[in-house]
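Residues per chain, in single letters:
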Amino acid sequence: MALESKIPEGPLEQKWSKHKFKMKLVNPANRRKHTIIVVGTGLAGASVAASLGELGYHVLAFSYHESPRRAHSIAAQGGINAPKNYSNDGDSVYRLFYDTIKGGDYRAREANVYRLAEVSGCIIDQCVAQGVPFARDYAGYLDNRSFGGAQVARTFYARGQTGQQLLLGAYSALMRQTHAGSVKFFDRREMLDLVVIKGQARGIIARNLLNGKLESYTADAVVLATGGYGNVYYLSTNAKASNATAAWRAHKRGAFFGNPCYTQIHPTCIPVSGDHQSKLTLMSESLRNDGRIWVPKQKGDKRKPKDIPENERDYYLERLYPSFGNLVPRDVASRRAKDMCDEGFGVGASGLAVYLDFASAIQRLGKDIIEQRYGNLFDMYKQITAENPYEAPMRIYPAVHYTMGGLWVDYNLMSTIPGLFVLGEANFSDHGANRLGASALMQGLADGYFIAPYTISDYIASNKFEAVSADAPEFKEAENSITAVINKLLSVNGDKTVDEFHREFGKIMWDYVGMGRTKEGLKKALTVIPKIREEFWKHVKITGNAHDLNTELEKAQRVADFMELGELIAMDALQREESCGAHFREEYQTADGEALRNDKKFSYVAAWEYKGAKQKQVLHKESLKFEYAKPSQRSYK
Amino acid sequence: MKVTLKVWRQKDKNDEGRFVDYAADEVSPDMSFLEMLDVVNVGLVKKGEIPIAFDHDCREGICGSCGMMINGRAHGPGRGIATCQLHMRSFQDGDEIVVEPWRAQAFPVIKDLMVDRTALDRIMQAGGYTSAKTGGVPDGNAILVPKPAADEAFDAAACIGCGACVAICPNSSAMLFVAAKVSQLSILPQGQAEREARVENMIAQMDEELFGGCSNTYACEAECPKGISVRHIGRLNHELLRAKL
């Protein structure tokens, strides 16, 4: 099967508007005859479900949470980008496009990224109209701040809770549609399979988490907005329930998986405190606007930070990157922190941390201003570590945070299965090999509010839909295979819990498929992963049964899928013999230790096709062309 | 450190429920309360027992999923935190800790410490929004919001919908939850067009869900993980009166 990206012809800045005109429309009176399933109701899912509902479609929205407001979009702290140029500092759609392509290390599609930059301004307008309380200046205008990887102030924010406020905006729009009857929301349902009939996505099987019943739903199109797969590493900044199951099962039904190895490590997280650690907490990278990162110049210096004089501190980011300083992109900041700790300069009990110091900002701006900007982050840090960051520097360390990879989609956000659309973090589309800060919220909402409603309508208008029933053999087959997996898991009755397996598996992923990857390490991972997977199916212990609320059974299915996806991540990382963005292969670096791309050989999207449990996945390549933003060696010096 | 837990176990909403004692013997003060429960649950599964069910997700105090009564306090001791942000260093070695679900008629128990809070969504459906459709809205800077108003609206909008205010209220009232949304949107210019209908509809839905009324104990403000002030309840009452006049 050949990959068709369906990028429209014409100049970059006209592609989307021309495409919008060419796309077919569905008559308003006919829209209610079409049912569309939306799985996941975070930023991308809630916004698309609400927008489709407003258009008049019959929408069924599913979440494994009790309410859309619990989705992990809620935890995004820092902000959302838009090139409004309200700051008069030279911003433009083209500059946001350029920064995003460059930040992604020239591994994203130009046309997609340009469109993202183009519609991002509308997102701010939309959210303001919903009553999102963005930060304002004293004249009442919207306030902006700068963020990593950019030299203009284009980030809109609502204190340190921007994701929360944007999600509550999308959630309120969804609640409004639920009240109006155009959207039906199904809570505590987990999608366990996609049903494909005659080559089209025509429904899903969801498990009702309260009573274990498998439920079948039919539709004319299915939208996955199910988030990323960072929890493959066990410890990550993702919420505990965030998982890859819906996307992975769609992959097994024929949706190609794009660039699985692009996993982002966030530089400013609170370090691990012990074996009991269940997840990691991110501190918004907006902290790097005013915080200065340093380590002691002397290895293993155990003095308290305040006892280390200025001239014995190494502000290594400012030293290495004089023009960007502490605001270098995430991957660079993460790797330098790891280097410092690997070389023995790390601080704290574990030695796996660096300082993020606000002393000079507090001196310059006063405690009040810092509290206004970062108050909730400082409180959060204090709550977790019992240390006061107003008095002593924070300790930070990188952690898995976001996955740029995801199901492959064309320009219309449709996967390789006709009628299956994938939005937000669940798709691979816009961030290339590395995502810039404040771009995830932008992409989720761009997909949901302003792109998918058009492209899904075009799909509905361009295709014929035979009536399908939930009794169709395809639904029965899917239900039976889910039941078989569940029964198998429950019958093992081994001696190790799901969490123990997950933790062990995550450690392998972090050690060999984490921040610095090598051919040797990846090969090692590829021999260890199948073994631990085999162990899992022989020794996992799950109590309870399939007909009750059973949290262990829920986790077990997700972990089983992570163990398959983890192998694909390692395979993808192994075949990509270059370093780019967040994918860093130790063998491929410049003399300064920067990512060394190989544009001749690897300027492509890797899209993996599932061929069955016993077969190797097949790699397809979508080559990337850069007509506007010419690839250059990224430099933040 | 070692602690003894008295945990409410209830198989499903029809089960009567009971307290069961568990010993947590290897507790680190750096663990969060939920991580301590994780460890207890690993022990239960290994013994072939059903683990304690509780809602949780982000574990950083923003999703609003977790919530339990710990020694009679919503989200346990400490102010301005959700249960996931409570750390074991807040307890002493040898403590006995009583853990119960939120108790309110409008929040039926699903299992153990999990309750059904969908009533809060239904209150939101009744009017917790501006009816701005996708597209067709003015430029963000065309709507000026004075900074004090934006700040006050944000203070209200910070609500995470966890239900602690309901759980701690002697009347199981959802006034603080409703007030937070009504207040946010009545302060902002964007919320003016539907100001009267919103407050009336949300209050009507709150009553229908069998939440009680407010008798000014201020317990909700004291236990709110986001420190949402009862002055928003004052504004809610003002808005209701204004709508009726």
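Cut-offs and rules
- Residue positions within a chain follow its written sequence, with the count starting from 1.
- All chains are assigned letters beginning with A, and all ligands numbers beginning with 1, in the order in which they are written.
- Thresholds applied to this predicted model are a pLDDT of at least 70 for local features of residues and 80 or more for the giving and counting of side-chain atom pairs; totals over whole chains, interfaces and linings are not thresholded and use all residues.
- The side-chain figures draw on all heavy atoms in the structure; neither hydrogens nor water molecules are used.
- Residue contacts are counted whenever heavy atoms from the two residues lie within 4.5 Å of one another.
- Put simply, buried area is the surface a 1.4 Å probe can reach on two separate parts but cannot reach once they are joined, added for both.
- A side-chain nitrogen of Lys or Arg and a carboxyl oxygen of Asp or Glu constitute a salt bridge if their distance falls within 4 Å.
- Note: domain ranges come from an automatic or database domain assignment.
- Contacts described as polar in this section are N or O atom pairs within 3.5 Å, which, within protein, must combine one atom able to donate a hydrogen with one able to accept it, while residues neighboring in sequence count only if both atoms come from side chains.
- Secondary structure is summarised from DSSP: a helix means a run of H or I of at least four residues, a strand means a run of E of at least two, and numbering begins at the N terminus for each.
- Ten residue types, Ala, Val, Leu, Ile, Met, Phe, Trp, Tyr, Cys and Pro, are classed as nonpolar, four, Asp, Glu, Lys and Arg, as charged, and the remainder, Gly among them, as polar.
- At least two DSSP bridges between two strands are needed for those strands to be called paired.
- Note on geometry: axes are C-alpha line fits, over the in-contact stretch for helices, and angles between N-to-C directions span 0 to 180 degrees.
- The buried label goes to any residue with under 20% of its type's maximum accessible area, the exposed label to any with over 50%, and the partly exposed label to all in between, with areas taken from a 1.4 Å probe on protein chains only.
- Only buried residues count toward a nonpolar core. Its members are Ala, Val, Leu, Ile, Met, Phe, Trp, Tyr and Cys residues joined through side-chain atoms within 4.5 Å.
- Each cavity reported here is a set of points on a 1 Å grid over the protein atoms alone in which a 1.4 Å probe fits but cannot get out, each pocket an open set with protein on both sides within 12 Å along at least five of seven lines, and each lining residue one with an atom within 4 Å of a point.
- Grid points are joined across faces, edges and corners, and a volume is the space filled by probe spheres set on the points.
- Pairs were defined over the aromatic rings of Phe, Tyr and Trp, the Trp ring being its six-membered one, requiring ring centres within 6.5 Å. Orientation was assigned from the angle between planes: stacked under 30 degrees, edge-to-face over 60, tilted for the rest.
- In our convention, an over-ring charge means Lys NZ or Arg CZ found within 6 Å of a ring centre and within 35 degrees of that ring's normal.
- Any angle that is under 35 degrees is reported as roughly parallel, and any over 145 degrees as roughly antiparallel; angles of 65 to 115 degrees are reported as roughly perpendicular and all others as oblique.

**Remarks on the interface of chain B and chain A**
A common way to express how large an interface is: the accessible area buried when the components associate.
Part 1 of the reasoning: Between chain B and chain A, the contact holds 72 residues from the first and 74 residues from the second.
Part 2 of the reasoning: Approximately 6,200 Å² of surface area, both sides summed, lies buried where chain B meets chain A, with 53% of it carried by carbon and sulfur atoms.
Part 3 of the reasoning: In this assembly, chain B and chain A are joined by seven salt bridges.
Part 4 of the reasoning: Among the salt bridges present, the one from Asp139(B) reaches Lys84(A), with a minimum N-O distance of 3.0 Å.

**What about the domain arrangement of chain A?**
Residues and elements named next belong to chain A.
Part 1 of the reasoning: As assigned here, chain A comprises domain 1 (266–399) and domain 2 (473–620).
Part 2 of the reasoning: Computed from C-alpha coordinates alone, the two centres of domain 1 and domain 2 are separated by 31 Å.
Part 3 of the reasoning: Interface of domain 1 and domain 2: buried area, both sides summed, is about 770 Å²; carbon and sulfur atoms make up 52% of it.
Part 4 of the reasoning: In this assembly, domain 1 and domain 2 are joined by one salt bridge.
Part 5 of the reasoning: Note that Glu594 is salt-bridged to Arg336, the shortest N-O span being 3.6 Å.
Part 6 of the reasoning: Here domain 1 is connected to domain 2 by three residue pairs in polar contact (both at pLDDT 80 or more).
Part 7 of the reasoning: At the level of secondary structure, the elements contributing two or more residues to the side of domain 1 that touches domain 2 comprise helix 9 (330–342) and strand 16 (394–403).
Part 8 of the reasoning: Tallying contributions element by element places helix 9 first for the side of domain 1 that touches domain 2, with six residues.
Part 9 of the reasoning: When grouped by side-chain class, the residues that make up the side of domain 1 that touches domain 2 number four nonpolar, three polar and five charged.

**Observations regarding the sheet that holds strand 11 (residues 257–258) of chain A**
Residue and element names in this part refer to chain A.
Part 1 of the reasoning: As summarised here, the arrangement of the four strands in space is 17-11-19-20, forming an open sheet in which the pairing is antiparallel. Whereas interior strands pair on both sides, the edge strands pair on one side only; in this sheet they are strand 17 (406–407) and strand 20 (618–623).
Part 2 of the reasoning: Where strand 11 lies against strand 19 (residues 604–609), two bridges are found, and the strand directions are antiparallel. Among the inter-strand pairings, Gly258 is bridged to a residue of strand 19, identified as Ala607.
Part 3 of the reasoning: Relative to strand 19, helix 16 (residues 551–575) is tilted by about 145°, and along the sheet it contacts strand 11, strand 19 and strand 20.

**Quick look at the pairing of strand 1 (residues 3–9) of chain B**
Residue and element names in this part refer to chain B.
Part 1 of the reasoning: Within strand 1, five of the seven residues are buried, leaving the element largely enclosed by the surrounding structure.
Part 2 of the reasoning: Sheet topology note: the strand 1/strand 2 (residues 18–24) ladder contains seven bridges and is antiparallel. Of the residues in strand 2, the one forming a bridge with Trp8 is Phe19.
Part 3 of the reasoning: Where strand 1 lies against strand 5 (residues 96–100), four bridges are found, and the strand directions are parallel. Looking at the pairing, Lys6 lines up with Val98 of strand 5.

**Some words on the nonpolar core**
Part 1 of the reasoning: Core analysis: the largest hydrophobic core is formed by 211 residues, its most contacted members being Ile80(A), Phe134(A), Ile204(A), Leu420(A) and Phe211(B).
Part 2 of the reasoning: Ranked by residues supplied to this core, first place goes to helix 16 of chain A with 13 residues.
Part 3 of the reasoning: What Phe211(B) contacts, discounting residues up to four positions off in sequence, is Ala106(B), Phe107(B), Ala119(B), Leu120(B), Ile123(B), Val166(B), Asn171(B), Ser172(B), Ser173(B), Ala174(B) and Met206(B).
Part 4 of the reasoning: Grouped together as the second largest cluster of nonpolar side chains are 31 residues, Leu317(A), Cys341(A), Tyr374(A) and Tyr390(A) included.

**Some thoughts on the layout of surface pockets**
Residue and element names in this part refer to chain A.
Part 1 of the reasoning: In this structure, the second largest pocket occupies an estimated 1,000 Å³ of space.
Part 2 of the reasoning: Forming the boundary of the second largest pocket are 31 residues, of which Lys252, Arg533, Glu564, Tyr610 and Ala613 lie nearest the centre.
Part 3 of the reasoning: The biggest single contributor to the lining of the second largest pocket is helix 16, with eight residues.
Part 4 of the reasoning: Here the residues of the lining of the second largest pocket are counted per class, giving 14 nonpolar, five polar and 12 charged.

**What to know about the packing of aromatic side chains**
Residue and element names in this part refer to chain A.
Part 1 of the reasoning: Overall, the coordinates contain 28 aromatic pairs over all chains when judged by the stated rule.
Part 2 of the reasoning: Geometry around Tyr411 places Arg115 over its ring, the cationic atom sitting 4.1 Å from the centre.
Part 3 of the reasoning: Between the NZ or CZ atom of Arg313 and the centre of the ring of Trp294, over which it lies, the distance is 4.1 Å.

**Details of the packing of helix 5 (residues 110–130) of chain A against helix 12 (residues 440–462) of chain A**
All names here are of chain A.
Part 1 of the reasoning: At a minimum axis separation of 9 Å, helix 5 and helix 12 run at an interaxial angle of 85°. It follows that helix 5 is roughly perpendicular to helix 12 by the angle criterion. Of the residues in helix 12, those in contact with Arg115, Leu116, Val119, Ser120, Cys122, Ile123, Gln126, Cys127 and Gln130 of helix 5 are Met442, Gln443, Leu445, Ala446, Tyr449, Phe450 and Ile451.
Part 2 of the reasoning: Taken together, the residues that form the contact of helix 5 with helix 12 break down as 11 nonpolar, four polar and one charged.

**A closer look at the sheet that holds strand 4 (residues 73–74) of chain B**
Each strand in a sheet pairs with another by means of backbone hydrogen bonds, the pair being arranged parallel or else antiparallel.
Part 1 of the reasoning: Within the open sheet, the five strands sit side by side as 2-1-5-3-4 (chain B). Their pairing is mixed. At either margin of the open sheet sits one strand with a lone partner, and together these are strand 2 and strand 4 of chain B.

**Description of the environment of Glu54(A)**
Part 1 of the reasoning: Following the sequence through the fold, Glu54(A) ends up in helix 3 (residues 43–55).
Part 2 of the reasoning: Glu54(A) sits in the buried class, given a relative accessible area of 15%.
Part 3 of the reasoning: With residues up to four places along the chain from it excluded, the contact list for Glu54(A) reads Arg176(A), Gln177(A), Ala132(B), Lys133(B) and Thr134(B).

**As for the environment of His431(A)**
Residues and elements named next belong to chain A.
Part 1 of the reasoning: Here His431 lies in the loop between strand 18 (420–422) and helix 12.
Part 2 of the reasoning: Along the primary structure His431 and Ala595 are separated by 164 residues, whereas in three dimensions their C-alpha atoms are 16 Å apart.
Part 3 of the reasoning: In this structure His431 touches Gly104, Ala108, Tyr402, Met404, Ser439 and Gln443, once residues within four positions along its chain are discounted.
Part 4 of the reasoning: Side chain to side chain, His431 and Gln443 meet in a polar contact 2.8 Å long.

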